[in-house]
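# Descriptive structure summary
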Amino acid sequence: MFMEFEGTPRIYNPEKSQIGTAIDSIKDSFIILENEKGDYIQAGGGGNRFTVEVRTYLDKYNFSHRKAEIKESDDTSKTEINISGANVQIQKNQVLDRKTVKILFESFMDDNYLPDIVKWNDITSMFVTE
């Protein structure tokens, strides 16, 4: 498993504390945690406004890609999060706080890729062409 975030070299087999520290340091940037199979969790944003996605591979060619949403919110109006100089448009119910992002990354490390503390919106079709 490795962790990568903007401006730093990859960290192999990171500790949970290293991931928490990295998430705390992110300002309008990104962080990725990827396992040996190629499954990954990524977050973009900073401060206390992040968006999170998870991709899991079903086999060598097929995957599922999901975006985290706040369970208690149905607010699909648009907002923006700056990620590495780009204003990325997302739904307001897809803006997660830092604490939630840390829990999601720690869960991923424990092989719980889609913990139920958030809703997971399947956006695989955005990446697959027929």
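The preceding data block contains the structure.
Starting from 1, residues in each chain are numbered consecutively following that chain's sequence as written. Thresholds applied to this predicted model are a pLDDT of at least 70 for local features of residues and 80 or more for the giving and counting of side-chain atom pairs; totals over whole chains, interfaces and linings are not thresholded and use all residues. To obtain the side-chain values, all non-hydrogen atoms of the structure were used and water was disregarded.

### As for the overall build of the protein chain
In this description a helix means any DSSP run of H or I spanning at least four residues, a strand means any run of E spanning at least two, and both kinds are numbered starting from the N terminus. Counting its secondary structure elements, the protein chain contains 2 helices and 9 strands. When its helices and strands are written in sequence order, the protein chain yields β-β-α-β-β-β-β-β-β-α-β. Against the 2.2 N^0.38 benchmark of 14 Å for 130 residues, the protein chain shows a C-alpha radius of gyration of 14 Å, consistent with a compact globule. The C-alpha extent of the protein chain, read off along each of the three principal axes, is 40 × 35 × 25 Å. Accessible surface, the protein chain: about 7,300 Å² in total, of which carbon and sulfur atoms supply 47%. The globule rule used here is 2.2 Å times the number of residues to the 0.38 power, and the radius of gyration it is set against is calculated over C-alpha atoms. Here, Shrake-Rupley sampling with a 1.4 Å probe gives the accessible areas, and only protein chains in the shown set may cover a residue.

### A look at the pairing of strand 3 (residues 29-34)
Where strand 1 (residues 2-5) meets strand 3, 4 bridges bridge the pair, whose relative direction is antiparallel. The residue of strand 3 that forms the bridge with Met3 is Leu33. Bridge count for strand 3 against strand 4 (residues 40-46) is 6 bridges, and the pairing is antiparallel. Note that in strand 4 the partner of Glu34 across the bridge is Tyr40. DSSP-based pairing: two strands are paired if at least 2 bridges between them are found. Between strand 3 and strand 4, which pair antiparallel and follow one another directly, the connecting turn spans 5 residues, one of which, Gly38, has a positive phi of 100°.

Function cannot be read off these values alone, since they describe shape.
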